[in-house]
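The lines below spell out each chain.
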Amino acid sequence: MRHCVLMAGIGLLFLLSGCQTAERPTTSGTSQPGTAQSTATPTGEEVAVLTTAPNVPPPITRKAPTTVVVDLEVVELEGQLANGVTYTFWTFGSQVPGPFIRIRLNDTVEFHLKNHPSSKMPHNIDLHAVTGPGGGAEASFTAPGHETEFSFKAINPGLYIYHCATAPVGMHIANGMYGLILVEPEEGLPKVDREFYILQSEFYTEGNYGDPGLQPFSMEKALDERPPYVVFNGSVGALIEENALEAKVGETIRLYVGNAGPNLISSFHVIGEIFDKVYVEGGDLINNNVQSTVIPVGGAAIVEFKVEVPGSLVLVDHSIFRAFNKGAIGMINVQGEENHEVYTGQQSTKVYLPEGSAIQTMPKSQAPKVPGAQNKEERIKRGETVYKRNCAACHQINGQGLATAFPPLAKSDYITSPEIVTNAVVNGLSGEITVNGQTFNSVMPQLQLTDEEIANVATYVLNSWDNIGGEVTPADVQKLKK
């Protein structure tokens, strides 16, 4: 049997050995029928096309099963988990999640697993599409600097998780060793315009969410099922901002969604859409007109919908604090013509304050003790994390605000001094204000943040979106409070 090297279609999520941070995967592309072709070996075997999340290999068009060669390397490396936060990931194919594998019913898969010599641990692979001991785990136990090989026949169609199953299994999964494998039925899946690959997982770090620097794995938090991070596609922000998915009005979208866990069930939902079809748990059963679908740990689902109107669709785990406070959030930006028969947008607005206009107060919580920022640049980076956790839901990720409801922070003529921003964060804000020529009359609650967090987020806002610049320090916050 051939030892075919397969890295076609794989982009690196992380910079390799010796790197301190890593670039996020590109997420603007989609798999379209006919955009890539698998290749054949001299003996007639087919080398599978593997893709980096959120991309999906093209549909399989051949009419008969064949032998498919999959060649995958395990690499342990340091990469970015969140802005300013790094983690030592254990990976399939130098990416988290591992590459998407697409085969056909009754294909024979010749699987090669290599473990890079720099690895500190042995690894293996358990593919839930395999019928056999350990899903291939027993046959693929691979020491650092070694390669193993086994074969299996794909006798059940569906969408399946794969993961490392070397003891301690939970730790190997929690460190990033998982992906999806699709076994297409003989007749294939119905044609759609766009397909995307999304995999939810958790990371258990010694530090709290957003604590900077290289974060080690916490076995205590993993056993207690208390992840500081719940994310899509391996890192906070992997599917938002410049990494957001793209589509056009009128297109049909298929999402291949997996849940690697290792602990939490997912309630997958797309805000602003209804799933026309859900292939329940990635199998043959199809449910229609679904708002949210439960995806068990070690399971998957296929969801399909047609986009009818333009705008930003938000992908979330509807265990909602995971989305807005731990990272399980993504976006699909839809371009095209408005369709007011389906959705008009806001048609009117007016003040409604039957119980007065007192400023609301957010509940207090004990903030983690983190060393203060050492310079302005570090303060801006930390401030971005505070902003995304506390401010982005109203003022939006890009600071554009929401028309008639929440004023823009981007290029804001209201922000004329650092004190104005700091005061709004410390004391809240209510009543009528004018920003960039538009009148707003809403309530901004007091945010119960530490002086360090207030200084960081104020500095971030001042230095973002063409605002006036400047720096706020914890001492400045104390002075304002007094």
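Structural data are supplied above this passage.
Every value quoted in this text rests on a predicted model; they were computed, and no experiment measured them. (Residues numbered from 1 in each chain as written. Predicted model: local features only at pLDDT ≥ 70, side-chain atom pairs only at ≥ 80, totals over all residues. Heavy atoms only, no water.)

### Focus on the packing of aromatic side chains
- The full count for this structure, using the stated rule, is 15 aromatic pairs.
- Ring geometry for Tyr87 against Phe203: centres 5.5 Å apart, planes inclined by 70°, an arrangement best described as edge-to-face. Of the two residues, Tyr87 sits in strand β4 (residues 85-92) while Phe203 sits in strand β11 (residues 194-203), which places them 116 residues apart along the sequence. Considered together, Tyr87 and Phe203 belong to a single accessibility category, that of buried residues.
- When the centroid spacing of 6.1 Å and the interplanar angle of 70° are considered together, the rings of Phe232 and Phe268 count as edge-to-face. Placement of the pair is Phe232 in strand β13 (residues 229-232) and Phe268 in strand β16 (residues 266-271), with a sequence separation of 36 residues. For the pair Phe232 and Phe268, a shared accessibility class is recorded, and that class is buried. (Phe/Tyr/Trp six-rings, centres within 6.5 Å; stacked < 30°, edge-to-face > 60°. Helix = DSSP H or I, 4+ residues; strand = E, 2+ residues; numbered from the N terminus. Buried < 20%, exposed > 50% of the residue type's maximum accessible area, 1.4 Å probe, protein only.)

### Here's the deal with the nonpolar core
- Core analysis: the largest hydrophobic core is formed by 31 residues, its most contacted members being Phe100, Leu159, Leu180, Phe203, Tyr229 and Tyr256.
- Aside from chain neighbours lying at most four places away, what touches Leu159 is Phe100, Leu180, Ile181, Leu182, Tyr256, Val257, Glu281, Gly282, Ala300, Ala301 and Ile302.
- Listed in part, the 27 residues of the second largest apolar core include Val109, Phe111, Ala154 and Met177. (Core = buried A, V, L, I, M, F, W, Y, C linked by side-chain atoms within 4.5 Å. Contact = heavy atoms within 4.5 Å.)

### Quick word on the pattern of salt bridges
- Per the counting criterion, the structure on display carries 18 salt bridges.
- The partner of Glu195 in a salt bridge is Arg102, and the shortest N-O contact between them spans 2.9 Å. Residue Glu195 is located in strand β11, and its partner Arg102 is located in strand β5 (residues 101-104); the two are separated by 93 residues in the primary sequence.
- Since its relative accessible area comes to 5%, Arg102 is described here as buried.
- Overlapping salt bridges bring together Arg102, Glu184, Glu195, Arg254 and Glu304 as one network. (Salt bridge = Lys/Arg side-chain N within 4 Å of Asp/Glu carboxyl O.)

### Observations regarding the sheet that holds strand β22 (residues 329-335)
- Strand order in the open sheet made by the 5 strands is β14-β22-β21-β16-β19, with mixed pairing throughout. Across the chains shown, the open sheet's two edge strands, defined by having one partner strand only, are β14 (245-248) and β19 (292-295). Taking the axes of each pair of neighbouring strands and ignoring which way they run, one obtains an average angle of 20° across the sheet.
- Relative to β22, strand β21 (residues 311-317) runs antiparallel, the two sharing 6 bridges. Note on β22: the bridge partner recorded for Val316 is Ile329. (Pairing = 2+ DSSP bridges. Axes fitted to C-alpha atoms, helices over the stretch in contact; angles between N-to-C directions.)

### Considering the pairing of β16
- Inspection of the sheet shows β16 paired to β19 by 4 bridges, in the antiparallel sense. Bridge pairing links Ser267 to Val294 in β19.
- In terms of strand pairing, β16 meets β21 through 4 bridges, oriented antiparallel. Residue Phe268 lies in a different strand from β21, and its bridge partner there is Asp317.

### Quick word on a nonpolar patch on the surface
- A surface patch of nonpolar side chains, about 360 Å² in accessible area, is lined by Ile271, Ile320, Phe321 and Phe324.
- Mapped onto the fold, Phe321 is located in helix α3 (residues 321-326).
- The exposure class of Phe321 is exposed, given its relative accessible area of 63%. (Patch = residues over 30% accessible without salt bridge, like charges linked within 9 Å, V, L, I, M, F, W, Y side chains within 5 Å. Areas by Shrake-Rupley, 256 points an atom, 1.4 Å probe, with all protein chains shown as cover.)

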